[in-house]
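Structural characterization, general
One letter stands for each residue in the lines below.
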Amino acid sequence: SLNVQGADGNAVEFRSAAGSPAKGDWYGIRLVDPSSAGLSFCNISYAVHGLTLQKAGVSVTDCTFTNCSGRGVDIDAEVVLTRCRAEDNDGCGFKAIGSTVFPSASMIDCVADRNGEQGVQFSPGTGFTGTLSGCSMRQNAGAGFKEMNSGDTLTIEDCEITGNQEGIHLSDPI
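Since we're looking at a predicted model, the values are computed, not measured. (Residues numbered from 1 in each chain as written. Predicted model: local features only at pLDDT ≥ 70, side-chain atom pairs only at ≥ 80, totals over all residues. Heavy atoms only, no water.)

1. Description of the packing of aromatic side chains
- Scanning the entire structure with this criterion turns up 1 aromatic pair.
- Relative to F145, the ring of F122 lies with its centre 5.4 Å away and its plane at 90°, an arrangement referred to as edge-to-face. Placement of the pair is F122 in strand β13 (residues 120-122) and F145 in strand β16 (residues 143-147), with a sequence separation of 23 residues. Neither residue differs from the other here; F122 and F145 are each classed as buried. (Phe/Tyr/Trp six-rings, centres within 6.5 Å; stacked < 30°, edge-to-face > 60°. Helix = DSSP H or I, 4+ residues; strand = E, 2+ residues; numbered from the N terminus. Buried < 20%, exposed > 50% of the residue type's maximum accessible area, 1.4 Å probe, protein only.)

So, in structure tokens, the structure goes:
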């Protein structure tokens, strides 16, 4: 298990050890099937993917993922992200690929700004439930939000999606 407990104003830092850090200097944190995991008040930067969640039930709160050469957060797990930020990553800010084993992801009050692809992308299997509440997706090179499977149930409420190459991209528009 991994439990990271920083504090407001005193976040735990995970980043490159290089004197002049560059995007992709290290892989990032990858959690595969831990018995338990939680991250709060942490900053992850200069990785390939800031945080990769696979087959895990994880809570991530008040964390920031910046300057990664790939995605800020890569999700294939049951997860709740609260007040997290993904900024200035070359790939998606947050990407959920989900499956029937891990059928849901929730993002509450999260921010995806200035990423090189989508701010948030859901590319799960049929039956996935995704929730975005109070999130901001701004100035991303791709869509603010992109959904890739028409068999999903999505809830987007009280979100700001502005200044992206595309606002909302649905694979099967209503």
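From this point, the discussion proceeds with the structure in view.
2. Thoughts on the environment of G9
- Mapped onto the elements, G9 comes out in the loop between β1 (2-5) and β2 (12-14).
- Through-space distance from the C-alpha of G9 to that of F41 is 8.4 Å; in sequence the pair is 32 residues apart.

3. Overview of the side chain of T52
- Note on placement: T52 falls in strand β6 (residues 51-61).
- Residues within four places of T52 in sequence aside, it is in contact with Y27, I29, R30, L31 and D74. (Contact = heavy atoms within 4.5 Å.)

4. Focus on unusual backbone geometry
- One non-glycine residue, F41, adopts positive backbone phi at about 50°.
- The residue F41 is located in the loop between β4 (37-40) and β5 (42-45) in this model.
- Positive phi, normally seen in glycine, also occurs at D88, with a value near 60°.
- Along the chain, D88 falls in the loop between β9 (85-87) and β10 (94-96).

5. Some words on the sheet that holds β9
- Spatially, β2-β5-β7-β9-β12-β15-β18 is the arrangement adopted by the 7 strands of the open sheet, whose pairing is parallel. Of all strands in the sheet, those bounded by a partner on one side alone are β2 and β18 (160-162). Strand after strand, the sheet turns through a mean of 10° between neighbouring axes, direction not considered.
- Relative to strand β7 (residues 64-66), β5 is paired through 3 bridges, and the arrangement is parallel. Note on β7: the bridge partner recorded for I44 is F65. (Pairing = 2+ DSSP bridges. Axes fitted to C-alpha atoms, helices over the stretch in contact; angles between N-to-C directions.)

6. Overview of the pattern of salt bridges
- Within the structure shown, the criterion is met by 8 salt bridges.
- Note that D74 and R71 form a salt bridge whose closest N and O atoms lie 3.0 Å from each other.
- Within the structure, one salt-bridge network assembled from shared partners comprises D88, D113, R114, R138 and E160. (Salt bridge = Lys/Arg side-chain N within 4 Å of Asp/Glu carboxyl O.)

7. Describing the nonpolar core
- One finds L51, V60, L81, F94 and V120 to be the most contacted residues of the largest nonpolar core, which totals 33 residues.
- The set of elements that each furnish at least two residues to this core consists of β3 (29-32), β4, β5, β6, β8 (73-82), β10, β11 (104-108) and β13.
- A total of 5 residues in this core trace back to one element, the largest contributor, which is β8.
- Apart from the residues within four sequence positions on either side, L51 is in contact with I29, L31, I44, V60, F65, G72, V73 and D74. (Core = buried A, V, L, I, M, F, W, Y, C linked by side-chain atoms within 4.5 Å.)

8. Focus on the side chain of D113
- Note on placement: D113 falls in strand β12 (residues 111-113).
- Take D113: its relative accessible area is 4%, and that puts it in the buried class.

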